[in-house]
Amino acid sequence: LYGEYRPTQGVRILEFESQLDSRGDKTSEVELWDCSGDFRFESCWPALMKDCSGVVITFNPDVPSHLKEIETWHSAFVSSQGLQDAQSLLIAHHKAGSEAEKGRLPLASNLGKLQLIHSNLEEEPEDVRAAFCRYLGDVVRAISESREREEMSIIS
């Protein structure tokens, strides 16, 4: 967590159970596929996206190219999958001593509606965890609503 950054090579899969609300009443099993944003692995992306329920795009706001690459990642992982805005989350990860402000970032207009959180795991790990749990709750709600609409269309 606090060690040297090691970029993902291809994909890492993490399975865990998470609380979806602050009371801990609802939990969900989560399968998180940590996929490299490195364009060397772009040919693998379609297989990783199949049947995904949500997308988290994590980037370093201190790296100017990341602000442009977010658009590509959003197009590839969110738009092409027909996911709703509530099913995607942008995380601007600030490293210790980061120069980037935690305010408004110069994002493309189509990204302005997405939830954006600023993270700094050294200073505010619980804030990041709480925001991620809220996001997971949004994804579960979107999935439930989609299933209900599908069932209603079959009945109608």
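Above: the structure in question.
Criteria and cut-off values
- Counting from 1, residues in each chain are numbered in the order their sequence is written.
- In keeping with the predicted nature of the model, local features appear solely for residues at pLDDT of at least 70, side-chain atom pairs appear and are counted solely at 80 or more, and the whole-chain, interface and lining totals rest on all residues.
- Note that water and hydrogens are dropped before the side-chain values are worked out from all heavy atoms of the structure.
- Secondary structure elements follow DSSP: runs of H or I no shorter than four residues count as helices, runs of E no shorter than two count as strands, and numbering proceeds from the N terminus.
- Type-normalised accessible area, obtained with a 1.4 Å probe on protein chains alone, sets the label of each residue: buried when under 20%, exposed when over 50%, and partly exposed for intermediate values.
- Put simply, two rings from Phe, Tyr or Trp (the six-membered ring, in Trp's case) pair if the centres are within 6.5 Å, and we call them stacked under 30 degrees between planes, edge-to-face over 60, tilted for the rest.
- Buried residues of nine kinds, namely Ala, Val, Leu, Ile, Met, Phe, Trp, Tyr and Cys, make up a nonpolar core once their side-chain atoms join them within 4.5 Å.
- We call two residues in contact whenever any of their non-hydrogen atoms come within 4.5 Å of each other.

Student: Just checking my understanding: could you explain the environment of Asn120 for this structure?
Tutor: Mapped onto the fold, Asn120 is located in the loop between strand E5 (115-119) and helix H3 (125-155). The class for Asn120 is buried, based on a relative accessible area of 3%. Linking Asn120 and Lys95, residues 25 residues apart in sequence, is a C-alpha distance of 6.2 Å.

Student: Before we go on, may I ask you to explain the packing of aromatic side chains in this structure?
Tutor: For any pair of aromatic rings, geometry is given as the distance between the ring centres together with the angle between the planes. Throughout the structure, instances matching the rule amount to three aromatic pairs. Measuring from centroid to centroid gives 5.6 Å for Phe39 and Trp45, while their planes differ by 55 degrees, and the two rings are tilted. Here Phe39 falls in the partly exposed class, since its relative accessible area comes to 34%. A relative accessible area of 2% means that Trp45 is categorised as buried. Consider the rings of Phe132 and Tyr135, whose centres lie 6.1 Å apart with planes at 40 degrees: the pair is tilted. Of the two residues, Phe132 and Tyr135 both sit in helix H3, three residues apart, roughly one turn of that helix. Following the ring pairs from residue to residue traces out a cluster consisting of Phe39, Trp45 and Phe77.

Student: It is not clear to me how the nonpolar core should be interpreted in this structure. Could you clarify?
Tutor: A general feature of soluble globular proteins is that nonpolar side chains tend to end up buried together. By size, the foremost hydrophobic cluster in this structure holds 20 residues, and its most contacted members are Trp45, Phe59, Ile70, Trp73, Phe77 and Leu90. Sorting the residues of this core by element identifies helix H1 (45-49), strand E3 (55-59), helix H2 (64-77) and strand E4 (88-93) as the ones contributing at least two each. Per-element accounting of this core gives the leading share, five residues, to H2. Here Trp73 is in contact with Gly37, Phe39, Trp45, Ile57, Thr58, Phe59, His66 and Val78, once residues within four sequence places are set aside. Counting 10 residues, the second largest nonpolar core, distinct from the first, contains Leu89, Ile117, Phe132 and Val139.

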